[in-house]
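# Structural characterization, general
Chain by chain, the residues:
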Amino acid sequence: MSFKRGISALPVAAILLSCLVLLATPGKPAEAAISFAAVANANGGAVSSLTYALTVPSGTDRFLVVSVQLASDCAAAVPTVSGVTYAGVALTRITSIVGVPCGGGTRSEQWQLVAPATGTNNVVVTLSAATAFTIHSGAMAFTGVHQTTPVRAFASASGAGTSSTVTVTSGASDMVVNTVGQVNSISAPGGGQTQRFLNNVNSSNTLNNSAGSTAPGAASVAMTWPFGATDQWQTISSSLQPSPSGGWQVTPTGSTSIQAGVSIQIRAYSQATTDF
């Protein structure tokens, strides 16, 4: 009698003839938990760049999200964001909102960087020209984020009112990162969200108040903020995916009946399938 790979059994005669097949089939890779690591934020006036420091602690599978909000009087167009760097390394844009609900006079963006350097380094936001009014920016660092496809999905919304809301497609192990800008003032975020920064300046122009929050992932996640008075707002959410932890979830799909006293050795293979 012969046996399939990965199994040795002694004595052979002791195995019952009614032995059934046991299969261990591979499931998806187990996922690491995403953790919030650090935050910093800043604002400026009529400038063409904004620089501020962020300290990123050590950790596995680091990830950085940087928000930018450019305000105006709803009449003059705002400049574009030429680029964002951290520790001299360029970020890539996730998404942006331009000119709604306020003509061409507002802009909100989120940018991303995989594996940002640890330690204290500068976030630098560079514009195509000096903004006539104000700029806000916030930087949030995380660990445990997928290093190949960190952002599962993103969504943006804008409007005018006493609160903002945006819903993004997410996942049970994700973390949703939301940023918002508004004219009047921003209050504490909605239920289930954790406030990460809040920078209320004044109501002299659009988006001169900014904030950021996070929330656990689900099939879809709505992120909300209440405001001090009815006015214009823009908001963006990105759902971050967790990195694989390196292990495998194994699902048994059968069983066997073996007589007492039998010695069995099971060896693991790269395809995570063992049978006898």
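Shown above is the structure to which this text applies.
First things first, this report covers the structure right here in the doc. (Residues numbered from 1 in each chain as written. Predicted model: local features only at pLDDT ≥ 70, side-chain atom pairs only at ≥ 80, totals over all residues. Heavy atoms only, no water.)

### Details of the sheet that holds strand β13 (residues 175-182)
Test applied: Strands qualify as paired when DSSP identifies two bridges or more between them. Secondary structure is summarised from DSSP: a helix means a run of H or I of at least four residues, a strand means a run of E of at least two, and numbering begins at the N terminus for each. The convention used is that axes are lines fitted to C-alpha atoms, helices contributing only their stretch in contact, and that angles between N-to-C directions extend from 0 to 180 degrees.
Spatial strand order, β12-β16-β13-β15-β14: five strands in an open sheet with antiparallel pairing. In this open sheet, the two strands that pair with only one neighbour each are β12 (151-169) and β14 (194-200). Taken pair by pair, the neighbouring strands of this sheet meet at an average axis angle of 15°, ignoring direction. Sheet analysis places β14 next to strand β15 (residues 209-216), joined by six bridges and oriented antiparallel. When the bridges of β15 are listed, Q195 appears paired with S213.

### Quick notes on the sheet that holds strand β10 (residues 119-127)
Spatially, the four strands line up as an open sheet ordered β4-β10-β6-β7, and their pairing is antiparallel. Both outer strands of the open sheet, β4 (49-56) and β7 (89-90), are each paired with one neighbouring strand and no more. Pairing of β4 with β10, which is carried by eight bridges, proceeds in the antiparallel orientation. In the strand pairing of β10, T51 is matched with V124.

### What to know about the environment of L64
Test applied: Whether two residues touch is decided by their heavy atoms; if any such pair falls within 4.5 Å, the residues are in contact.
Looking at the element boundaries, L64 is found in strand β5 (residues 63-70). Placed 22 residues apart in sequence, L64 and Y86 show a C-alpha to C-alpha distance of 9.0 Å. When neighbours within four sequence positions are excluded, L64 is seen to be in contact with L54, Y86, L91, W111, Q112, L113, P116, A139, M140 and A141.

### A few points about the nonpolar core
Under the convention used in this document: The set of buried Ala, Val, Leu, Ile, Met, Phe, Trp, Tyr and Cys residues whose side-chain atoms join them within 4.5 Å is what this entry labels a nonpolar core. Partly exposed describes any residue whose relative accessible area lies between the buried limit of under 20% and the exposed limit of over 50%, with all areas from a 1.4 Å probe on protein chains only and scaled to the type maximum.
Counting 24 residues, the largest nonpolar core has L54, L64, V84, V123 and V125 as the members making the most contacts within it. In this structure V84 touches V66, V68, V89, A90, L91, W111, V123, V124 and V125, once residues within four positions along its chain are discounted. Residues I34, F63, V151 and V177 belong to the second largest nonpolar core, which totals 12 residues.

### Observations regarding the environment of F227
Its location among the elements puts F227 in strand β16 (residues 220-240). Along the backbone, F227 and Q182 are 45 residues apart, and their C-alpha atoms lie at a distance of 7.7 Å. Non-local contacts of F227, meaning those with residues more than four positions away in its chain, are made with G161, T162, S163, S164, V180, Q182, S185, I186, S187 and W233.

### Observations regarding the packing of aromatic side chains
Heads up, the condition is: Pairing of aromatic rings covers Phe, Tyr and Trp, the last counted by its six-membered ring, and requires centre-to-centre distances within 6.5 Å; plane angles under 30 degrees mean stacked, over 60 mean edge-to-face, and any other angle means tilted. Charges are assigned to positions over rings by a cutoff of 6 Å between ring centre and Lys NZ or Arg CZ, combined with an angular limit of 35 degrees from the ring normal.
Under the definition given, this model contains one aromatic pair. Judged by centre distance (5.7 Å) and plane angle (75°), the rings of F36 and F142 are edge-to-face. Of this pair, F36 sits in strand β3 (residues 35-44) while F142 is found in strand β11 (residues 135-143), placing the two residues 106 residues apart along the sequence. Using a relative accessible area of 25% as the deciding quantity, one classes F36 as partly exposed. Taking NZ or CZ as reference, R196 lies 3.9 Å from the ring centre of F36, over its face.

### A word on the pattern of salt bridges
The test is simple: Between Lys or Arg on one side and Asp or Glu on the other, a salt bridge is scored when a side-chain nitrogen of the former is within 4 Å of a carboxyl oxygen of the latter.
As enumerated under the stated definition, the model contains three salt bridges in all. Across the salt bridge formed by R107 and E109, the nearest N and O atoms sit 3.0 Å from each other. With respect to burial, R107 and E109 carry one shared label: buried. Each of R93, R107 and E109 takes part in a single network of salt bridges with overlapping partners.

### Section: the side chain of R107
Just so we agree on the cut-off: In protein, a polar contact requires one atom able to donate a hydrogen and another able to accept it; more generally it is a pair of N or O atoms within 3.5 Å, and residues adjacent in sequence count only if both atoms are side-chain atoms.
Tracing the backbone through its elements, the reader meets R107 in strand β9 (residues 107-114). A relative accessible area of 11% means that R107 is categorised as buried. Among the polar contacts made by the side chain of R107, one reaches the main-chain carbonyl oxygen of P79 at a distance of 3.2 Å. In this structure the side chain of R107 is engaged in a polar contact, spanning 3.0 Å, whose partner is the side chain of E109. Sequence-distant contacts of R107, that is, excluding residues within four places in its chain, are made with V68, Q69, L70, V78, P79, T80, V81, I97, V98, L207 and Q234.

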